[in-house]
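Chain by chain, the residues:
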Amino acid sequence: MGTTIGELAVGAVRLGAHAGVESCMSVPHEARLLPGKPVADEVLADVAQRVTKLREAGVQPSLATVLVGDDDASAGYIRIKQRQAAELGFVSPHVHLGADATQDDLLRAIDELNADPAVHALLIQYPPPAHIDYDAALLTVDPDKDVDGMHPLNLGRLSVGLPGPRPCTPAGIEALLAYHDVPVAGREVVILGRGATIGRPLAMMLAQKRPTANAAVTVVHTGVPDWQRYTQRADILIAAAGVPGIIQPEHVKPGATVVGAGVRYEGRRLLPDVAEEVAQVAGAITPRVGGVGPTTVAMLFRNAIEAAEKASR
């Protein structure tokens with residue numbers, strides 16, 4: 001995933017006709033990059049300190065993982081998370097259910113982890129095999145152990161500004177913009193994509209009254225015939241449609257911040273929503289690789305340590 005945000009306007013010209021974009025692109029220009037790694041490093045350093053503090057108090061932070069099936073990519077993601085957990089000082093118990101596991105098998109595993117006081121946070125690797133109802137399984141996860149922040153109760157907490165685990169990619173995007181000093185408050189933010197994992201929760205987060213948010217937020221999607229009319233006026237454009245190359249230079253206001261949060265894979269090839277040429281128009285942009293992705297993982301561990309801290313009180 002990746003995301004970019006428009007920062008300083010290059011002139012006061014609003015992007016309109018395609019000819020105007022071509023004129024802008026004729027001038028050599030390259031947007032400022034907004035890498036996610038330094039953001040993630042800062043968050044994870046804080047998490048590591050908090051882990052140490054809990055362990056000194058006799059509490060061992062724990063992040064449990066559940067994998068259903070034998071998909072190589074999913075198993076690889078689990079290994080990466082377990083390795084990161086070990087580096088931070090978490091223990092990471094793992095439950096691996098075979099490809100023939102039933103919905104009831106998964107629910108029993110979740111119930112056992114919910115009931116275990118030594119487990120503070122819980123992750124069900126997505127996507128599961130086709131015969132498994134992921135949403136139904138998510139509903140059975142203890143909301144306080146929901147490390148992805150996607151349980152309906154946690155999304156409800158988010159909607160009214162109550163504390164709780166936040167969806168990882170939206171939280172990572174907000175942190176990315178704040179780290180790179182991209183002004184958000186009072187700016188016009190347009191999110192292309194209305195998905196439950198990015199678009200909808202991110203809109204709620206960036207509209208809330210906080211120094212790193214407090215924006216005028218518009219959510220638009222590909223079902224709107226003239227969606228370009230909205231993206232062309234955005235100070236900060238966040239692409240989360242999952243449609244490779246959907247954001248082209250003519251869809252971006254000169255000087256805008258562009259965050260690429262949507263991707264699709266073709267085999268092992270990553271295809272982002274934002275075309276590379278957009279960097280010639282944007283004022284600031286997330287890199288094709290290493291943008292939002294590292295911040296998403298960091299926010300997962302921030303949710304995990306917050307769950308452990310809450311359980312230890």
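Once a new chain begins, its residue numbering starts again from 1 and follows that chain's sequence as written. Selection of residues for local features in this predicted model requires a pLDDT of at least 70, selection of side-chain atom pairs for listing and counting requires 80 or more, and totals for whole chains, interfaces and linings are taken over all residues. Neither water nor hydrogens contribute to the side-chain values; these are computed over all heavy atoms in the structure.

Student: Just checking my understanding: could you explain a nonpolar patch on the surface for this structure?
Tutor: Each patch is built from residues lacking any salt bridge and having more than 30% relative accessible area; the joining distance is 9 Å for like charges and 5 Å for nonpolar side chains (Val, Leu, Ile, Met, Phe, Trp, Tyr). Throughout, the Shrake-Rupley method with a 1.4 Å probe supplies accessible areas, and for residues the shown protein chains are the sole cover considered. The working definition used for a salt bridge is a side-chain nitrogen of Lys or Arg within 4 Å of a carboxyl oxygen of Asp or Glu. A grouping of Tyr77, Ile80 and Tyr265 is seen on the molecular surface, where their side chains present a nonpolar patch of about 320 Å² in accessible area. A helix here means a DSSP run of H or I that spans at least four residues, while a strand means a run of E at least two residues long, and both kinds are numbered starting from the N terminus. By secondary structure assignment, the location of Ile80 is in helix H3 (residues 72-88). Ile80 gets classed as partly exposed once you look at its relative accessible area, which sits at 45%. The buried label applies to any residue whose accessible area, calculated with a 1.4 Å probe on protein chains only, is under 20% of its type's maximum; exposed applies above 50%, and partly exposed to all values in between.

Student: It is not clear to me how the nonpolar core should be interpreted in this structure. Could you clarify?
Tutor: As a rule of thumb, nonpolar side chains are buried together in soluble globular proteins. Residues belong to one nonpolar core when they are buried, are Ala, Val, Leu, Ile, Met, Phe, Trp, Tyr or Cys, and are joined through side-chain atoms within 4.5 Å. In terms of nonpolar packing, the biggest core is built from 47 residues, with Val47, Leu63, Phe90, Ile173, Ile238 and Phe301 touching the most fellow members. If you list the elements that add at least two residues to this core, you get helix H2 (37-56), H3, strand E5 (121-124), helix H7 (168-179), strand E6 (188-192), helix H8 (199-207), strand E8 (236-239) and helix H10 (292-312). With 8 residues, the single largest contributor to this core is H10. By size, the runner-up hydrophobic cluster in this structure holds 22 residues, among which are Val190, Leu192, Val252 and Ala279.

Student: For this particular structure, what's the right way to read the packing of aromatic side chains?
Tutor: The relative placement of two aromatic rings is captured by the distance of their centres and the angle of their planes. Whether two aromatic rings pair depends on their centres lying within 6.5 Å, for rings of Phe, Tyr and Trp, where Trp uses its six-membered ring; planes under 30 degrees apart make the pair stacked, over 60 edge-to-face, and the rest tilted. Within the structure shown, the criterion is met by 2 aromatic pairs. Between Phe90 and Phe301 the ring centres are 5.7 Å apart and the planes differ by 55°, which places this aromatic pair in the tilted class. Taken together, the residues Phe90 in the loop between H3 and strand E4 (94-97) and Phe301 in helix H10 connect sequence positions 211 residues apart. Judged by its relative accessible area of 5%, Phe90 is buried. Ring centres of Tyr126 and Tyr134 lie 4.8 Å apart, and the angle between their planes is 70°; this geometry places the pair in the edge-to-face category. Judged by its relative accessible area of 16%, Tyr134 falls in the buried class. Counted as over-ring charges are cases with an Arg CZ or a Lys NZ within 6 Å of the ring centre that also lie within 35 degrees of the ring normal. For the cation-ring pair, Arg229 lies above Tyr230, with the distance from its terminal atom to the ring centre recorded as 4.6 Å.

Student: When you look at the pattern of salt bridges in this model, what are you seeing that I'm missing?
Tutor: If you walk through the whole model with that rule in mind, you get 11 salt bridges. The shortest N-O distance in the salt bridge between Asp41 and Lys37 comes to 2.8 Å. Highlighted residues: Asp41 and Lys37, both in helix H2, separated by 4 residues, approximately one helical turn. Of the residues examined, Lys37 reaches a relative accessible area of 52% and is grouped as exposed. For Asp46, the salt bridge is made with Arg50, and the minimal N-O distance between the two is 2.9 Å. With a gap of 4 residues between them, Asp46 and Arg50 both fall in helix H2, about one helical turn apart. Via salt bridges that share partners, Asp46, Arg50, Glu306 and Glu309 belong to a single interconnected network.

Student: Looking at this structure, I do not really get a negative patch on the surface. What am I missing?
Tutor: For this count, His and the chain ends are skipped, Lys and Arg are scored as positive, and Asp and Glu as negative. By convention, charge coordinates are those of NZ in Lys, CZ in Arg, CG in Asp, or CD in Glu. A contiguous patch of negative charge on the surface is contributed by Asp70, Asp71, Asp72 and Asp100. The topology assignment puts Asp72 in helix H3.

Student: Would you mind going over empty space enclosed by the protein with me for this structure?
Tutor: One water molecule sets the probe size; rolling that probe over the atoms shows where empty space is left. In this analysis the probe radius is 1.4 Å and the grid spacing 1 Å, with only protein atoms considered; a cavity is a set of points the probe fits into but cannot get out of, a pocket is an open set with protein on both sides within 12 Å along at least five of seven lines, and lining residues have an atom within 4 Å of a point. Grid points are joined across faces, edges and corners, and a volume is the space filled by probe spheres set on the points. Per the stated rule, a full pass over the model turns up 1 cavity of 30 Å³ or more. Its volume calculated, the largest cavity comes out at about 40 Å³. For the largest cavity, the full set of lining residues is Leu122, Leu123, Ile124, Tyr134, Leu138, Val141, Asp146 and Asp148. At the level of secondary structure, the elements contributing two or more residues to the lining of the largest cavity comprise E5 and helix H5 (134-140). It is E5 that provides the largest number of residues to the lining of the largest cavity, a total of 3 residues. When residues are sorted by character, Ala, Val, Leu, Ile, Met, Phe, Trp, Tyr, Cys and Pro go into the nonpolar class, Asp, Glu, Lys and Arg into the charged class, and all the rest, Gly among them, into the polar class. When its residues are assigned to classes, the lining of the largest cavity shows 6 nonpolar, no polar and 2 charged.

Student: Is there a simple way to think about the layout of surface pockets in this case?
Tutor: Counted as a void, the second largest pocket has a volume near 310 Å³. Among the elements that make up the lining of the second largest pocket, the one with the highest residue count is H10 (6 residues).

Student: Explain the UniProt feature "domain: Tetrahydrofolate dehydrogenase/cyclohydrolase catalytic" (unreviewed entry) in the chain to me, please; I cannot follow it from the model alone.
Tutor: UniProt positions are given in the numbering used here, feature names are shortened, and annotations may be inferred rather than shown by experiment. Under the feature "domain: Tetrahydrofolate dehydrogenase/cyclohydrolase catalytic" (unreviewed entry), the UniProt entry names residues 34-148. Annotated as 50% helix and 12% strand, the span residues 34-148 places its first and last C-alpha atoms 24 Å apart.

Student: It is not clear to me how the side chain of Ser62 should be interpreted in this structure. Could you clarify?
Tutor: Along the polypeptide, Ser62 turns up in the loop between H2 and strand E3 (63-68). By relative accessible area, which is 1% here, Ser62 ends up buried. We call two residues contacting when some pair of their heavy atoms lies within 4.5 Å. In this structure, Ser62 is in contact with Phe90, Val91, Pro93, Ala118, Val119, His120 and Ala121, ignoring residues within four places of it in sequence.

Student: Looking at this structure, how should I read helix H6 (residues 152-159)?
Tutor: Structurally, the α-helix is built with 3.6 residues per turn, so residues lying three or four positions apart point the same way. Among the residues making up H6, those that are buried are Asn154, Arg157 and Leu158. One face of H6 carries all of its buried residues, which in axial projection span an arc of 100°. Contacts from the buried residues of H6 go to H8 and H10. Of the residues trailing H6, Gly161 is marked for its positive phi of about 80°. As used here, the arc belongs to the directions running from the helix axis to the C-beta atoms.

Student: Just to check I follow, could you spell out the UniProt feature "domain: Tetrahydrofolate dehydrogenase/cyclohydrolase NAD(P)-binding" (unreviewed entry) in the chain for this structure?
Tutor: Mapped onto the present numbering, the UniProt feature "domain: Tetrahydrofolate dehydrogenase/cyclohydrolase NAD(P)-binding" (unreviewed entry) falls at residues 167-311. Summarising residues 167-311: 31% helix, 19% strand, and an end-to-end C-alpha distance of 20 Å.

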